[in-house]
Amino acid sequence: MKVIITGAAGQLGQALRCRVPAVIAGEPVELIPTSRAGGQGALALDLADAAACRALVQQHKPDWLINAGAYTAVDKAESEPELARAVNAGAPAAFAEALQATGGRLLQVSTDFVFNGAQGSPYRPDQPVDPLGVYGATKAAGESAAAAALTAPQLCILRTSWVYGPLGKNFLLTMLRLMREREQLGVVADQVGCPTATQGLAQACWAVLEHGVSGVQHWSDAGAASWYDFAVAIAELGQVAGLLENPARINPITTADYPTPAQRPSYSLLDCSGTRQALQLPPLHWREALRQVIGDVVA
Ligand SMILES: NC(=O)c1ccc[n+]([C@@H]2O[C@H](COP(=O)([O-])OP(=O)(O)OC[C@H]3O[C@@H](n4cnc5c(N)ncnc54)[C@H](OP(=O)(O)O)[C@@H]3O)[C@@H](O)[C@H]2O)c1
């Protein structure tokens, strides 16, 4: 089974590469990783170049393409909407069009930021999207563009939330650094979602291929947290693991206290129950996942 991965140098891309199953559906897996710069075993692919995205599919004719690459700088996207749209909507559109012709399948990774957060209860996969910012709008456009060219069983859209891991740019690693540098930190306590560790997310992506799951799916770790709760847990578990000697005191603040260019959903929990069943993966509480990731940071 031939599988292309985009964004191979990103958080999810690296986790996917660490957990490649030897065999899927009885066939040995042949992996073709791509990243912006190429190198380290990956082909170079600029996701803003739709023609290059189409050509890659036409050349390799993959059984699956996991589109883990994305323009993920939520605030910067507000001032670079065209680039964000080219990467987040143009690339999935090009992949889907090319896969329609070759007969391969697309796993399009998407985000909780396609929702406006006003609902106050977990979002089901079939609910209408209403993004608040450019990043969410371009990811939603990527979902629609993929769905315009491909239907089940050729398309799976997997939305996830608050992704972090032992590598890359993320909230965990930023907090660990700031908690060493500062005496006090203010962290937003009125945005609620669920942290999702890259290793579990990668496992879910591979399970999509193993079980041939299609349609819109939701995946996050289990439970709920504010960014403040997440930060407090990082301080506690980081100290237990010996990563932090004397962590900064963490103070809860409001979104209004910490203005950002992009508006974020205040509540973006995803209802993952159907997807967990389809992928045959049990829930893992986000705090337990965090403990495991902190172990990887120490190791
Ligand atoms: N991070 C989150 O909190 C979060 C939450 C919900 C959903 N998601 C979704 O989950 C998926 C994986 O995200 P992640 O956390 O792994 O993101 P990430 O660490 O930012 O990785 C994204 C990768 O895409 C690459 N990329 C960006 N623009 C590119 C371009 N023009 N050409 C080629 N590559 C390009 C980046 O390369 P460079 O490093 O060179 O820029 C980076 O390696 C994405 O679809 C994202 O939308 C993420």
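Rules of the game
- The numbers attached to residues start from 1 for each chain and follow its sequence in the written order.
- Only residues with pLDDT of at least 70 are given local features in this predicted model, and only at 80 or more are side-chain atom pairs given and counted; all residues enter the totals for whole chains, interfaces and linings.
- Water and hydrogen atoms were dropped before computing side-chain values, which therefore reflect all heavy atoms in the structure.
- Here, any two strands with at least 2 DSSP bridges between them count as paired.
- For the purposes of this entry, the term helix denotes a DSSP run of H or I that reaches at least four residues, the term strand denotes a run of E that reaches at least two, and both are numbered from the N terminus.
- Any two residues having at least one pair of non-hydrogen atoms within 4.5 Å are treated as being in contact.
- The angle between two axes is taken between their N-to-C directions and runs from 0 to 180 degrees, where each axis is a line fitted to C-alpha atoms and a helix contributes only its stretch in contact.
- Only protein atoms enter the 1 Å grid, on which a cavity is a set of points fitting a 1.4 Å probe that cannot get out and a pocket is an open set with protein on both sides within 12 Å along at least 5 of 7 lines, lining residues being those with an atom within 4 Å of a point.
- Grid points are joined across faces, edges and corners, and a volume is the space filled by probe spheres set on the points.
- All residues other than Ala, Val, Leu, Ile, Met, Phe, Trp, Tyr, Cys, Pro, Asp, Glu, Lys and Arg, Gly among them, are scored as polar; the first ten of these are nonpolar and the last four charged.

Draft legend 1. Focus on the sheet that holds strand β4 (residues 30–35). Strands sit in the order β5-β4-β1-β6-β7-β8-β13 across an open sheet of seven strands; the sheet is parallel. The open sheet has two free edges, formed respectively by β5 (43–44) and β13 (215–218), since each of these has just one partner strand. Strand direction decides the pairing type here: strand β7 (residues 105–111) and strand β8 (residues 155–160), joined by six bridges, are parallel. Following the sheet pairing, Thr111 is matched in β8 by Thr160. Running over the sheet, helix α3 (residues 81–102) touches β1 (2–6), β6 (64–67) and β7 and is turned about 165° from β7.

Draft legend 2. Summary view of empty space enclosed by the protein. On inspection of all chains with the given rule, the structure shows one cavity of 30 Å³ or more. Approximately 50 Å³ is the volume attributed to the largest cavity. Looking at the largest cavity, the residues that line it are Val74, Glu78, Phe113, Leu132, Gly133, Val134, Tyr135, Gly136, Ala262, Gln263 and Pro265. The residue inventory of the lining of the largest cavity, partitioned by class, reads seven nonpolar, three polar and one charged.

Draft legend 3. Expanded view of the layout of surface pockets. Its volume calculated, the second largest pocket comes out at about 150 Å³. Looking at the lining of the second largest pocket, the elements with two or more residues in it are α6 (198–211) and α9 (286–298). Among the elements that take part in the lining of the second largest pocket, α6 stands out by supplying three residues, more than any other. For the lining of the second largest pocket, the per-class residue count stands at seven nonpolar, four polar and one charged.

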